[in-house]
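Coordinate inspection notes
Residue strings, one per chain:
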Amino acid sequence: MFRLLAAFVAVSAAGGVLSAGLVIPAVAVAGGLTRQGVDIFNELPADLGDQTLSQASTIRWADGSVMARVYDQNRSVVTFDQIAPVMRDAIVAIEDDRFYEHGPIDAKGILRALVSNAGGGSTQGASTLTQQYVKNVLVQQAVRAGDTEAAAAAVEADGAQGYARKLREMKLAVGVEKEMTKDEILTGYLNVAYFQNNVYGIEAAAQFYFSKAAADLTLPEAALLAGMVQNPAAYNPMKYPEAVVARRDVVVARMLQTGRIDQATHDQAVATALQLQPNPSRQGCLAAGSAAYFCDYVVHVVESDPIFGATAAERARLLRSGGLSITTTLDPRVQAITQTAVNEGVNPGQAARSAASVVQPGTGHILAMAQDTTYSPDDDQVGLTTLNYNVSQPMGGTEGFQQGSTFKAFTLAAWLKSGKSLDSTVAAPSSGNDPFSAFTACGQKLRGGTYPYFNAETRTSGTMTVRTATKDSVNTAYMSMTKQLDLCDIASTAQSLGVYKGSATPADTIESNPDTFELDRLPSMTLGTNLVTPLSVAGAYAAFAAEGTFCKPTALTQVLDAAGQPLPVPGADCQQVLDVNVARNVTEALRGGWTGGTAARVGKAQLDGRQVASKTGTTNGSQNVWFAAYTPQLASAVWVGHHTGYKTLNGERINGKRYGRVFGATIPGPIWANIVGPASQALDLPKATFTDGTNEGLKTTTADGKIRVPDVVGRSVSSATRALEAAGFTVKVAPGRVFSKTVDEGLVGAQSARSATAGATITITRSSGPAPTPPAEETSQPAQPTQSDPAETPASTPRDLPGQPTDQPTAGQG
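Residues numbered from 1 in each chain as written. Predicted model: local features only at pLDDT ≥ 70, side-chain atom pairs only at ≥ 80, totals over all residues. Heavy atoms only, no water.

1. Quick word on the overall build of the protein chain
Rules: Numbering goes from the N terminus for both helices and strands, where a helix is a DSSP run of H or I of at least four residues and a strand is a run of E of at least two. Type-normalised accessible area, obtained with a 1.4 Å probe on protein chains alone, sets the label of each residue: buried when under 20%, exposed when over 50%, and partly exposed for intermediate values. In this analysis, two residues are considered to be in contact whenever any of their non-hydrogen atoms come within 4.5 Å of each other. Residue exposure ignores everything except the shown protein chains as possible cover, and the areas themselves are Shrake-Rupley values with a 1.4 Å probe.
Looking only at helices and strands, the protein chain features 26 helices and 31 strands. Relative to its 814 residues, the protein chain shows a buried fraction of 52%. Pairs at least 24 apart in sequence give 73% of the contacts found in the protein chain among residues at least 6 apart. As displayed, the protein chain has an accessible area near 33,700 Å², and 50% of this comes from carbon and sulfur atoms.

2. Describing the nonpolar core
Let me state the cut-off plainly: We define a nonpolar core as any set of buried Ala, Val, Leu, Ile, Met, Phe, Trp, Tyr and Cys residues linked to one another through side-chain atoms lying within 4.5 Å.
Membership of the largest hydrophobic core comes to 95 residues, with the highest contact counts inside it found for Phe-544 and Tyr-630. Counting 52 residues, the second largest nonpolar core, distinct from the first, contains Phe-99, Val-176, Leu-217 and Val-252.

3. Side note on the packing of aromatic side chains
Operational definition: The pairing test for Phe, Tyr and Trp rings, Trp by its six-membered ring, is centres within 6.5 Å, and the orientation test on the planes gives stacked under 30 degrees, edge-to-face over 60, and tilted for anything in between. Each ring is checked for a lysine NZ or an arginine CZ that lies within 6 Å of its centre and within 35 degrees of its normal; such an atom marks a charge sitting over the ring.
The full count for this structure, using the stated rule, is 18 aromatic pairs. A ring pair is formed by Phe-208 and Tyr-209, whose centres lie 4.8 Å apart and whose planes are at 75 degrees; its orientation type is edge-to-face. Relative accessible area serves as the criterion here: at 10%, Phe-208 is assigned to the buried category. Grouping aromatic residues by their ring pairs yields a cluster made of Phe-407, Phe-410, Tyr-541, Phe-544, Tyr-630 and Phe-690. One residue, Lys-420, lies across the ring of Trp-415, its end atom 5.2 Å from the ring centre.

4. Quick word on unusual backbone geometry
Here the phi dihedral of Asp-608 falls at roughly 50 degrees; this positive angle occurs in a residue that is not glycine. The exposure class assigned to Asp-608 is partly exposed, which follows from its relative accessible area of 42%. You will see that Asp-684, though not glycine, has its phi angle at about 55 degrees, which is positive. Along the chain, the position of Asp-684 falls in the loop between α25 (668–682) and β27 (707–708). The exposure class of Asp-684 is exposed, given its relative accessible area of 68%.

5. Quick word on helix α15 (residues 312–321)
Those residues of α15 not exposed but buried are Arg-315, Leu-319 and Ser-321. Following α15 by one or two positions, Gly-323 adopts a phi angle in the positive range, close to 65 degrees.

6. Points about the side chain of Asn-191
As a reminder, the rule being used: Polar contact is the term for a pair of N or O atoms within 3.5 Å; when the atoms are in protein, one must be able to donate a hydrogen and the other to accept it, and sequence-neighboring residues count only if both atoms are side-chain atoms.
Structurally, Asn-191 is set in helix α9 (residues 182–192). A polar contact is formed between the side chain of Asn-191 and the backbone oxygen of Val-78, at a distance of 2.9 Å. For Asn-191, the contacting residues outside a window of four places in its chain are Leu-53, Arg-75, Ser-76, Val-77, Val-78, Tyr-200, Gly-201 and Ile-202.

7. What to know about the sheet that holds strand β19 (residues 556–560)
The test is simple: A pair of strands counts as paired when DSSP detects no fewer than two bridges linking them.
Strands sit in the order β2-β1-β3-β19-β20 across an open sheet of five strands; the sheet is mixed. What marks the edges here is a single partner per strand, and that holds for β2 (66–70) and β20 (566–567). Sheet topology note: the strand β3 (residues 325–328)/β19 ladder contains four bridges and is antiparallel. Opposite Thr-328, over in β19, you have Leu-556 as the bridge partner.

8. A word on the sheet that holds strand β29 (residues 748–751)
What counts here: Helix axes are fitted to C-alpha atoms over the stretch in contact, other axes to C-alpha atoms as well, and angles between N-to-C directions run from 0 to 180 degrees.
The strand order across the open sheet built from three strands is β28-β31-β29, with neighbouring strands paired in mixed fashion. The open sheet has two edge strands with one neighbour each: β28 (730–739) and β29. Across the sheet, the mean angle separating the axes of adjacent strands is 30 degrees when strand polarity is ignored. Alignment of β29 against strand β31 (residues 761–769), held across three bridges, turns out to be antiparallel.

9. Structural notes on the state of the cysteines
In plain terms, the rule: For this text, the term disulfide refers to a pair of cysteine sulfurs within 2.5 Å.
Per the stated rule, a full pass over the model turns up three disulfides. Sulfur-sulfur distance for the disulfide between Cys-285 and Cys-295 comes to 2.1 Å. Residues Cys-285 and Cys-295 are joined through a disulfide that is left-handed, its torsion about the S-S bond being -75 degrees. Note that Cys-285 is positioned in the loop between α13 (263–270) and α14 (292–304) and Cys-295 in helix α14, a separation of 10 residues in sequence. Cys-295 shares its class with Cys-285; the two are buried. In the protein chain, numbering the disulfide-bonded cysteines from first to last in sequence yields the connectivity 1-2, 3-4, 5-6.

10. Section: the environment of Gln-277
Tracing the backbone through its elements, the reader meets Gln-277 in the loop between α13 and α14. Taking the C-alpha atoms as reference points, Gln-277 and Lys-212, separated by 65 residues in sequence, lie 8.9 Å from one another.

11. So, the packing of helix α17 (residues 408–417) against helix α20 (residues 487–496)
Condition: Angles below 35 degrees are treated as roughly parallel, those above 145 as roughly antiparallel, those between 65 and 115 as roughly perpendicular, and all remaining angles as oblique. In this scheme the handedness of a crossing depends on how the near helix is turned from the far one: anticlockwise by less than a right angle means left-handed, clockwise means right-handed.
Running from N to C, α17 and α20 point in directions that differ by 115 degrees, and their axes come no closer than 8 Å. Looking at the two axes, α17 sits roughly perpendicular to α20. Where α17 crosses over α20, the two elements pack in a sense that is right-handed. Contacts from Phe-410, Thr-411, Ala-413, Ala-414 and Lys-417 of α17 reach α20 at Asp-489, Ile-490, Thr-493 and Ala-494.

12. Regarding the packing of α17 against helix α24 (residues 580–596)
When two helices pack together, their arrangement is captured by the angle between the axes and the distance separating the axes. Selection criterion: Residue polarity follows a fixed list, in which Ala, Val, Leu, Ile, Met, Phe, Trp, Tyr, Cys and Pro are nonpolar, Asp, Glu, Lys and Arg are charged, and the others, Gly among them, are polar.
At a closest axis distance of 9 Å, the pairing of α17 and α24 adopts a crossing angle of 135 degrees. In terms of axis orientation, α17 runs oblique to α24. When the axes of α17 and α24 are compared, the crossing they make is right-handed. In contact with Ala-409, Leu-412, Ala-413, Leu-416 and Lys-417 of α17, α24 contributes Val-582, Asn-585, Val-586, Ala-589 and Leu-590. Of the residues belonging to the contact of α17 with α24, the class tally is eight nonpolar, one polar and one charged.

13. What to know about α17
With nine of 10 residues buried, α17 is to be regarded as a mostly interior element. Among the residues trailing α17, Gly-419 stands out with phi positive, at a value near 100 degrees.

14. Some details on the pattern of salt bridges
Side chains that differ in sign of charge can pair as their charged atoms come close. Convention followed: Salt bridges are defined as contacts in which a side-chain nitrogen from Lys or Arg sits within 4 Å of a carboxyl oxygen from Asp or Glu.
One pass over the full model with this rule turns up 20 salt bridges. The shortest N-O distance in the salt bridge between Glu-588 and Arg-467 comes to 2.8 Å. In this pair, Glu-588 sits in helix α24 while Arg-467 sits in helix α18 (residues 466–471), placing the two residues 121 residues apart along the sequence. Close ionic contact of Arg-754 with Asp-711 constitutes a salt bridge, the shortest N to O distance being 3.1 Å.

15. Notes on the pairing of strand β12 (residues 431–435)
By the alternation rule, side chains of β12 split into Gly-432 and Asp-434, which are all buried, and Ser-431, Asn-433 and Pro-435, of which none is buried. Pairing geometry for β12 and strand β15 (residues 450–454), over five bridges, is antiparallel. Looking at the pairing, Pro-435 lines up with Thr-450 of β15.

16. Focus on the confidence of the model for the protein chain
The predicted structure's coordinates, where accompanied by low pLDDT, should not be read in detail. Put simply, the test is: For every residue, the predictor states its confidence as a pLDDT score lying anywhere from 0 to 100.
Looking at the protein chain as a whole, the pLDDT averages 85, with 82% of positions reaching at least 70. Note on residues 777–813: pLDDT is under 50 here. Beyond four places in sequence and across chains, it has 67 contacts.

17. Some details on the environment of Ala-605
Mapped onto the fold, Ala-605 is located in the loop between α24 and β22 (613–618). Sequence separation between Ala-605 and Gly-677 is 72 residues; the distance between their C-alpha atoms is 8.4 Å.

What follows is the structure in structure tokens.
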């Protein structure tokens, strides 16, 4: 204690010397004990170290306007010129009126404090603004490091520890004034100072208490804030207005006394009533309004992506204290439209829930994310929750929801990838109950029991084209398709489009936990039993709109650090994951659902003639219903259901109306139309068109799995041969001929098969023209067609004879 006091005295006596260097020359003082004090002082560190201040990060809408601010400390660092001169004068007058005259240590003040403290008690007074700046920075460093003991030591005032703290501050103050100008120190002090109510720095204080920038503060306002720093809790304007005004007037009087203002200005200032204009900055996403759930998603993106730091702690610290400026993809116009549509579709406050995401094809930009609840931790009340229904659990959401027949688009894509066309025919019985062994996963037959399935709306039987099965969402037809495919191929197709179980999680999380997130490869997969999220479905359908280019749904376009320098951001990583023609064929089939299939009754007026490709989805018992669809420029997925448990929507009263049975087109469909139609207009999007797919590279198959043989009757032999060989068949020309009423002599009059296995031989027979008319007294015997190759299917009749009856389309799952 005596050595510390000696050091304190030594420094006090040598105050003038301290301004010139980091150490006190031994000749500056006398006496052994005093020299020991000098030694103690010289051993103290002289470098303050990292003076970076914790700053709030700002999350912005796509247009740059502020969505929310996220912080540990509400602070915005400003420059000297961004602080009103009257504010600078006020703080100097009340805290250190000789700041610009003395060095880092005020020797007169120290000696005065020593005399005052000689009677015991706290070590008080004498701190220059430079020392106060040092103290506050030390506190910030300790808080940032999570060192509570260091934070307490930085403000210790009693006894030996108090003298030790003062000595450290003095030594560091000397170092600071060797590196910084007085104006820089004053600016640093005003940026680091605490102003109560979790408000740090003069800019945040001006905004919080007066709703204005620090550059615009008036004398009464500046004096009030300058007076607070002595004891922020005691001079809290929100709680103690009378004490605050009294303290403000002390500051104004001091400014008059030191010649910084004249008497008239003083009198006018003290006559001014307290005029607070509070603008409390709500912490985090609570202030983001309808974008609160998206804002929370952005927070999870930054805190989970290694691009922002190696550890979770580093990423959280960067976000909450790094002063980032984060520009997002969310469009305020599209968000407002989406929120309105979701709320009107399922009014908030009901048991049922609705959610929707909008993704831009070709970029992956998330333009909107909404649900019919209010973002709030008070989740014990109906309609209040922090759960984001659009995303997965690791990103602040749920485990996902069964997606019903909106998954059929991925089975359809796998079907087309396997080389089969939309005009292939498949069996579509009224119901089915297949053994698991009828299905293949990764080349192996499944083991287990049986899988029963049925159509949701009507009973059907017979066969139909895949085009019709898609338009009417026929479950049994799609199960026939699934039996012809490999479940692993279907799953990998969906996953290549970003649809995982409980999806919309960071890629590194999926890759490190594949068993957790990969889709269940079960027969029921095609009918949508995996749990997925609206954002992932919207992103996948956006890839169809972009002709097979999948872009990961992305929330960020730019991140700047506190100095305004750009940081890396997670990219959309756009890749061509589907063949262009495959994607075009998927779109062509889904357009049928919009124009005349399961979505035929969804209001078309909102889309104003725009082309739409859609798919409805309804799970068993209508527990979850979906509508996923896209135009060439916008894709959106809408979900309606209950976020917990298994409860049917059938019979539930929604928006005052009790529904008997709910399908994807019943509630989600109109919500989708009320989003994408108005959003397209708000964004001034042209009425773009889709490009139809072709059968190039695709084969038309039949219900029994064989390939449909092109109809070549009536063509020349060379033309017929080219067409059949292009379809993958071997051609044999029969030596005989066949009579035909409609085919000229020499052209193909008959072919041996209308469907066959790949590579089979198709026999074609030339026509001899119409059979001659025999004389009345004679009877002619027509020539017989050449016998088919035993490996082929039975020969077909010539084209002028009746063929098979046309399949009648049947409605399937909604």
